[in-house]
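These are the residues of each chain, in order.
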Amino acid sequence: MDPKTGYRVWWVDPIGFVSETALDSGVLCDACADFICDVVKPMMEARSVGTKGFYIAHDWGRVTSYTHYARKRLIDYMLKRSKLTAGCGLVLSRSSPFARAGAMTAAAAIRMVGYQIRFGADVSEMCGFWNLKRAR
């Protein structure tokens, strides 16, 4: 877990990671986006060399809002690295129609460059679709 943002991440096999917001505020903030783009995803890219790409499952069920910077940073990162990602799963906000609509809009843009994006009720559903298991 990143102590600065409260963001939890764990690795899964086949190659991938699951992220979960654990912030009390529910805001996907600038520091969250930086943590994902500057720490987690580069580690994932290094682990996935020689594979067909990695899987991502984001549990944003607790997200109630996001900053403009965080949204732009995450979308830009994904658009530039579409060939490295085999699939992306999203658990949408359970409490904020605004956050849900924002994530669905971003997903539509990302799908246009070839991402396989799925929505699910929880992380278990996302991991089950791609048969992802917690890495040992």
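Above: the structure in question.
Bear in mind that the values here come from a model prediction, so they are computed numbers and not experimental data. (Residues numbered from 1 in each chain as written. Predicted model: local features only at pLDDT ≥ 70, side-chain atom pairs only at ≥ 80, totals over all residues. Heavy atoms only, no water.)

> How would you sum up the overall build of the chain? Please name residues and give values.
Helix and strand counts for the chain stand at 4 helices and 8 strands. Since a compact globule built from 136 residues should have a radius of gyration of about 14 Å, the 14 Å found for the chain is in line with a globular shape. Dimensions of the chain, computed from the C-alpha atoms along their principal axes, are close to 35 × 35 × 25 Å. Relative to its full complement of 136 residues, the chain shows a buried share of 49%. Total accessible area on the chain stands at roughly 7000 Å², and carbon and sulfur atoms take up 56% of it. Placing the 19 positive and 12 negative side-chain charges of the chain at their respective mean positions leaves the two points 5 Å apart. (Helix = DSSP H or I, 4+ residues; strand = E, 2+ residues; numbered from the N terminus. Rg over C-alpha atoms; globule rule 2.2 N^0.38 Å. Buried < 20%, exposed > 50% of the residue type's maximum accessible area, 1.4 Å probe, protein only. Areas by Shrake-Rupley, 256 points an atom, 1.4 Å probe, with all protein chains shown as cover. Lys, Arg positive; Asp, Glu negative; His and termini not counted. Charge placed at Lys NZ, Arg CZ, Asp CG, Glu CD.)

> Can you break down the nonpolar core residue by residue, with the values?
Most often, soluble globular proteins have nonpolar side chains that are buried together. Formed by 31 residues in total, the largest nonpolar core has its most connected members in Tyr7, Leu28, Trp60, Leu74, Leu90 and Ile117. Mapped by element, the contributors of at least two residues to this core are helix 1 (30-47), strand 4 (54-59), helix 2 (68-80), strand 6 (85-91) and helix 3 (97-111). The element contributing the most residues to this core is helix 1, with 7 residues. With 11 residues, the next largest nonpolar core counts Val12, Tyr55, Val123 and Met126 among its residues. (Core = buried A, V, L, I, M, F, W, Y, C linked by side-chain atoms within 4.5 Å.)

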